[in-house]
Amino acid sequence: MGIPQLFSQADAIGRAVALLLLVMSVASWVVILWKGWLLRRAGVDVARATAAFWQAPSLAEAQQRVSGFDREQLVLPLIAATQSQPPGSLAAAGNRSQQLTRVLRDALHAVLDKLQFGQVLLATVGSTAPFVGLLGTVWGIYHALTGIAAAGQISIDRVAGPVGEALIMTAAGLAVAIPAVLGYNIFGRRIGRIEADLEGFARDLRELAAHHPEGR
């Protein structure tokens, strides 16, 4: 029996579980492909942008050079955050070092949120898809056994087929969960490396801006 026939013979709950697994699989693969492309670009861009920044003769020139490399807007927000805050506001309270710590921290959090986007979905799919598949299996077995009992003829041959078909849902749940878990772990390591580079750049940028407000 093929998957279309199995789906057509399932009841409403079995079809709902199968559709839920399909949606989870499509969503996780979209995130996996998109984040793989994004993080590959981000890793290259951060390295090139930070190198271009330190080779520039001034902050204005550095910001212009970085804009040519920072396609994902990961480094430019940190540079823009070092600009002077409007006087008379709470953002300008405290000394220059405190201001820079505050604005760079906020800018870094915003950048990291962009890199972390989609990780929650992968973690959720990876942790729940096996249980969704198991629910489909349990319900499929129950549905099959009640149908066999209603027919009045119970034998190993009549039980093995429907039960084996119901177990497909468990395999489907694992097939959905495994790529999501692998993607979450791989992307987590890549994000960690990019985060370390950005944090190091933010610390160096803070020291530069605190001692040389004009970046010269």
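Bear in mind the structure is a predicted one, so any value in this text is a computation, not a measurement.

Trainee: Residues and numbers for the side chain of Arg41, please.
Mentor: Checked against the element boundaries, Arg41 lands in helix H2 (residues 12-55). The exposure class of Arg41 is buried, given its relative accessible area of 17%. Among residues more than four places away in sequence, those in contact with Arg41 are Arg71 and Glu72.

Trainee: Can you explain the packing of H2 against helix H3 (residues 59-67)? Please cite residues and give values.
Mentor: For any two helices packed against each other, one specifies the inter-axial angle together with the distance between the axes. With their axes 8 Å apart at the nearest point, H2 and H3 run at an angle of 155° to one another. One way to sum up the angle between H2 and H3 is to call them roughly antiparallel. Judged by the twist between their axes, the crossing of H2 over H3 is right-handed. When H2 is examined against H3, the residues Ala49, Ala52, Phe53 and Gln55 are found in contact with a partner set consisting of Leu59, Ala62, Arg65 and Val66.

Trainee: Outline a nonpolar patch on the surface, listing residues and values.
Mentor: Nonpolar side chains collect at one region of the surface, where Leu19, Leu22, Val26 and Val30 lie side by side and expose about 370 Å² of accessible area between them. Within the fold, Val26 resides in helix H2. Overall, the relative accessible area of 48% leaves Val26 in the partly exposed class.

Parameters and conventions
Residues numbered from 1 in each chain as written. Predicted model: local features only at pLDDT ≥ 70, side-chain atom pairs only at ≥ 80, totals over all residues. Heavy atoms only, no water. Helix = DSSP H or I, 4+ residues; strand = E, 2+ residues; numbered from the N terminus. Buried < 20%, exposed > 50% of the residue type's maximum accessible area, 1.4 Å probe, protein only. Contact = heavy atoms within 4.5 Å. Axes fitted to C-alpha atoms, helices over the stretch in contact; angles between N-to-C directions. Parallel < 35°, antiparallel > 145°, perpendicular 65-115°, else oblique. Left-handed = near helix turned anticlockwise from the far one by under 90°. Patch = residues over 30% accessible without salt bridge, like charges linked within 9 Å, V, L, I, M, F, W, Y side chains within 5 Å. Areas by Shrake-Rupley, 256 points an atom, 1.4 Å probe, with all protein chains shown as cover. Salt bridge = Lys/Arg side-chain N within 4 Å of Asp/Glu carboxyl O.

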